[in-house]
Amino acid sequence: VRSIPIPIELVVSLDIAKNVILLNMTMLSKMITLKYFQQSCNQGEADKLNVHIVPHTHDDVGWLKTVDQYYYGANSSIAWAGVQYILDTVVQQLSVDPTRRFIYVEVAFFSRWWREQNTEVQQEVKRLVQEGRLEFILGGWSMNDEAATHYNAIIDQMTLGLRFLNDTFGPCARPRVAWQIDPFGHSREQASLFAQMGFDGLFFGRLDYQDKETREMKLKMEEIWRGSQSLHHPEADLFTGLNENGYNPPAGFCFDAYCKDDPIMDDPTLEDNNVKQKVDDFISAAHKQAKHFRTNHIMMTMGSDFQYSNAKAWFKNLDKLMKYVNSAVRYKNCFFLWSVKSDDFFPYADAPHQFWTGYFTSRPGLKGYVRESNKYLQVCNQLETVAHLRSGMKSNLRTSKSNVLRAAMGVAQHHDAVSGTSKQHVANDYAKRLYIDKLKSGGRHCKDVISSVITEGSSNLTFCDYMNITLCDFTQNSNRFTAVVYNPLARAVSKYIRIPVDCTPSYIFVVIELLVPVSEATESVRRNRGNANCELVFLAKLPALGYNSFSVIPPISCIFVDLIEKYKSSATNKRLFTPKGKVVNPSDDITISNEVCFCMNSIVIVVITNKTSQSYITHFLLVGFCDDYLHDNFFLLYFTNKPTLSTVLQYNFYVYNVIDIIVKLIVYLQGSNPLVQEVYQKFSDWAYQVVRLYKGIKHIEVEWTVGPIPVKDQWGKEVISRYETNIDSNGYFYTDANGREVLERKKNYRPTWKLNQTEPVAGNYYPVNSRIYIRDAHVQLTVLTDRSQGGSSLSSGALELMVHRRLLGEDSKGVAEPLNETGQFGDGLITRGKHWLLLDTVTSSAKQHRLLGEEAFMSPLVMFGGATPPALVQVGFQSFIVNPLPPNIHLLTLATTNSGELLVRLEHQFAKHDDDVLS
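To keep things clear, this report deals only with the structure shown in the data block. All values reported here derive from a predicted model rather than from experimental measurement.

1. Brief notes about a negative patch on the surface
Consideration 1: A grouping of Asp261, Asp262, Glu271 and Asp272 is seen on the molecular surface, where their side chains present a negatively charged patch.
Consideration 2: Residue position: Asp272 is located in the loop between strand 9 (237-242) and helix 9 (275-290).
Consideration 3: On the basis of relative accessible area, Asp272 is assigned to the exposed category, the value being 56%.

Structure follows, in C-alpha cells:
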C-alpha cells in the first residue's frame, strides 16, 4: 500500500453574485454528481442562492421501541411512530405530483414494507425510483454506529442493503450519497469505506459544538475528508458536508402532524394569513445558513425522527413554501475553497461538560455478543460456500440459512444498537435476534450449516454458548467426546483451547493437556449452574480455513482399545494437573515466566509485584525488558455523583463524567505448569482479574470479570482497567478506527480546531474497537480488546480502558431511563472479557498486534460431537483451501451471492508504515 504527496487544500475559485434565492426540491445525489437522472435534477442557477429542500424521515432501526414496534406503530405509550404508514403515504404523495421528491435510508424497514406490497404498488415504486423522485441514500441495512462497529460488520450490513436495492430496482437505485445524520461522532475509517464503496459524498448532522462554531466562522462546513493515510488519494477521499440543523428543519418549519409549528396559511381572506411572515422567516434562516458555506448551494433537511406518517401535510406546505419564497430577492457574494481533513470527529460534545464518550463502553455484554455473532456469521458464510461448491453451485443467498443472521447483524450495527444507547427492552430485542439457541434465530440456522458441512450431513455438532464461564453440559457430563475446532482465518494458527470438564473421570487425550481448576470468579458468574470443576487446556494446531478434531475418551473402552494402547505408551501423552494454588500477600513479589523472547536473545520474565502506597494498591507487570519497564494494571472505580437537579446530565448512556476511587486487592497464584501460568486477583466480590502467560506465547492475556456492580449506596459506577509503564509517551496515544487503521491522539488537543477542554477525563476518551497503544522512541505497549470500549491515556506512560458501567441517573438525551442493566438474575449485569498485552520494540509491534488482532477478532470456533470418529469426523484436520494466504493478506469475506456466484474479498491488513516487509 503506497501513497503520493498530497496538496494541503483543494481549491475551487468561483466568484458568484448570488442575488436571488431559488428553492428546489432536490435529490441528494445531484448535489454531488450529475451522472444519473439529469432530466429530473434541478441544478440551480449560477447567480442565485440555491436552497435545496430535502424531504426525509429518520427511522431508527430500534431505539425507544424495538424494530418491530417501530415498523408497525406498536407500543405507542412510548412514542407514536409507524414506519409502514410513513412509506404508504410518501409513495401516495409522490405519485400525485411529479415535482415532489423524497429520500429514504433504512433498507431493513423498506425491504419489509416492500414484501407486503401488491404488484401494482411495487410497479409504481419502481417508476418513482426510475424517475429519480424516490431516492435511496446510504443504502445500508441500517445507519450504523461509527464508534462501536467493526469494519467487517459495516461492510456486511452495507452489502446486505445495497444488494437488496440492486436486485429489486437495478443499478439506477444505487445510492451515490452516504447519510450518517445521527451517529454520535464520526470515524475516519467510515469515510474511507464510503469512498472505496464508490460514494460521491457524505452528509452528517452531529459534530462537537466547538468544532461546529469554528467551522461556521471559517466557512468550513464542507470539505474533502481524506479517509486513509495508506491509500493513494483520491481512493479514500470523500466530499463531506455538515448539516446546519443536524437533520431537522429550520425553526418554525416542521410541518409534520405531530409538530407544533403553524402551517402556511395563504388564503388572502384570512386574518391569520402568514405567508409574508413565513417567507421572511425562511429567507432569514437561509441567509443565516448561507453565511457559513462557501458555495451558492445550501441544503435544508425537511423532516426528522419518524416523520411523514401523514406525508400530505408535509408536501402541501413545502409546495407552498417553494411557491412563495422563489419570488423573493436577496444578495450575497462568495469565494470558496475546500479544505482537506485527515483526522476524525471524535469525541463528540453537544455542550460544555457534555461529552458523548460513555457509550463507547455502554452495554458491554451486548457489545461482546455482537462481536461473537459476527464470527459465527463469517464461519457460516464460509462453510455455506463450501456447501454451495459441493452442491455444484446450485444454492443462492435468497434461500441461504446465513441470511437470517446477516439481517440480525445488520440491525445490530445500528447507531442505537451496538452503541448501547437504546432502552433496555430494545437492547434485549437486539440480543434475541442474534441468540444462537432460538429455533428461528439466525444463529440456530448457521449452526445447522456449520454442523452439516463439517460432518458432511452425518450428525449434528453441539455448540456450547457459555464456555467463557465454563458452562457446557455436553462436556461436563461426559468423559467421552470429540472437540472440533474450526479456524476461520486463511492462514494456519496455533491457539490454546479451554474446555469445561469434570475432573473426577480419567481422560486420555491426543495432545499434551492441562487441567486447571475453575476459579472463584467463574463460580460466582455461573451462579451454581453447571458442575465443571476444571478446564481442560491444550494447544490446538489449526489449518488455514479448516478444522482439527481432538478426542477425549475414558481409559477403559472396548471401542477405543487400540487407540488407548497407542497413546498410553506415547511420550506425548501427558496428563497434567495444576499444582494447588495459594493466596499471596499483596506486598509479596510474584514471578511467572515462560521461554518466549520478547526482545532479541533474552529470556522473557513476567514479574507481578503488588505494592501498597499512599493508601491505595497497585499491581505491576515487568515484561521482557531489562530496562525496568513497569506496567500497572488495576481496576479503578469511577463513581458518578449522586443524581441531583444540577448533576443529572452527568448520568447516561452517552456522556462520561466522573470522579475516581480505588478498591482493595487480593492476589491468588494458581501455580506453575508447562502450559499456562495464572495469577488471580480479587478486588471485591464483584471485581476479579486473571493474568495468564501461556507457553510459547509472546503476549499476556488479562481476563476481567466485573459485576454485579453494587448500587445500594445510590452511586452509579464506571469500572476501568489501567496499565501504567515508564514509557515516555508525552501525552500521545494511538487508537484504531473500526478495527482497521490507527489514528494518533493527544491529550487535550484536536488537530483542526482549538479545544477549550471542560472535562479532562471524558473529553480525552476515544473509541477503541480493537487496540490502543502508547510508545516512545524505542518501546511500545499495545493493548488489544475483545469488544469495543472507551479508552485513553490520561498521564504519560499509562493506558486505560473502561470495561463496565452501571448508572442510576438519566441524561435527558431522549432515552428516558438510566443505564442500569440488572442482568439475568436481577441484581446487576456480570460481564467478562479479555485484554491482550504486547510489549515490544516500536518497529516490531505492528506485526505482532496486526496478526494477534486478526486472531482475536476471528478466533477459533469450538464444537463438540460424540466420541466415535467414524460417525462424526476423522480425528485429524481438514483445510478447505489449497494454499494458505500470506500473513499480511486477510480473507475478509467468503460468501455466496444472490445469483449463486462466489463473493470473495481480500484485504491488505497492514497499514503503509506498519512493517518494513509486510506493509
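2. Details of the side chain of Lys320
Consideration 1: Along the chain, the position of Lys320 falls in helix 10 (residues 311-325).
Consideration 2: Here the side chain of Lys320 touches Asp266 through a polar contact of 3.2 Å, side chain to side chain.
Consideration 3: In contact with Lys320, not counting residues within four places along its chain, are Ile264 and Asp266.

3. Focus: unusual backbone geometry
Consideration 1: Put simply, His233 and Pro234 share a cis peptide bond, and its omega is 10°.
Consideration 2: Here Pro234 lies in the loop between strand 8 (222-226) and strand 9.
Consideration 3: In this chain, Gly707 is followed by Pro708 through a cis amide linkage whose omega measures -5°.
Consideration 4: Along the chain, Pro708 falls in the loop between strand 29 (700-706) and strand 30 (717-724).

4. A short note on the state of the cysteines
Consideration 1: Overall, the coordinates contain three disulfides when judged by the stated rule.
Consideration 2: The disulfide partner of Cys380 is Cys446, and the S-S distance across this bridge is 2.3 Å. Disulfide Cys380-Cys446: the torsion about the S-S bond is -90°, which places it as left-handed. Pair noted here: Cys380 is in helix 11 (residues 364-390) and Cys446 is in helix 14 (residues 442-455), with a separation of 66 residues, a long-range link.

5. Description of a nonpolar patch on the surface
Consideration 1: On the surface, Leu389, Leu902, Val904 and Leu906 cluster together into a nonpolar patch covering about 350 Å² of accessible area.
Consideration 2: You can see Val904 is positioned in strand 42 (residues 902-908).

6. Overview of helix 7 (residues 188-196)
Consideration 1: Along helix 7, eight of the nine residues are buried, which leaves the element largely enclosed by surrounding structure.
Consideration 2: Taken residue by residue, helix 7 has Arg188, Glu189, Gln190, Ala191, Ser192, Leu193, Phe194 and Ala195 as its buried positions.
Consideration 3: Those residues of helix 7 that are buried are in contact with helix 6 (151-169), strand 6 (177-180), strand 7 (201-204), strand 8, strand 9 and strand 32 (742-746).
Consideration 4: N-capping of helix 7 is provided by Ser187, with a side-chain oxygen placed 3.1 Å from the backbone N of Glu189.

7. Points about the packing of helix 11 against helix 13 (residues 424-434)
Consideration 1: Relative to each other, helix 11 and helix 13 sit at 20°, their axes nearing to 10 Å. The pairing of helix 11 with helix 13 is recorded here as roughly parallel in orientation. The way helix 11 lies across helix 13 gives a crossing that is left-handed. Between helix 11 and helix 13, the residues in contact are Leu366, Tyr369, Val370 and Ser373 and Ala427, Tyr430, Ala431 and Leu434, respectively.

Rules and cut-offs
Residues numbered from 1 in each chain as written. Predicted model: local features only at pLDDT ≥ 70, side-chain atom pairs only at ≥ 80, totals over all residues. Heavy atoms only, no water. Patch = residues over 30% accessible without salt bridge, like charges linked within 9 Å, V, L, I, M, F, W, Y side chains within 5 Å. Areas by Shrake-Rupley, 256 points an atom, 1.4 Å probe, with all protein chains shown as cover. Salt bridge = Lys/Arg side-chain N within 4 Å of Asp/Glu carboxyl O. Lys, Arg positive; Asp, Glu negative; His and termini not counted. Charge placed at Lys NZ, Arg CZ, Asp CG, Glu CD. Helix = DSSP H or I, 4+ residues; strand = E, 2+ residues; numbered from the N terminus. Buried < 20%, exposed > 50% of the residue type's maximum accessible area, 1.4 Å probe, protein only. Polar contact = N/O pair within 3.5 Å; in protein donor to acceptor, adjacent residues only side chain to side chain. Contact = heavy atoms within 4.5 Å. Disulfide = S-S within 2.5 Å. Axes fitted to C-alpha atoms, helices over the stretch in contact; angles between N-to-C directions. Parallel < 35°, antiparallel > 145°, perpendicular 65-115°, else oblique. Left-handed = near helix turned anticlockwise from the far one by under 90°.

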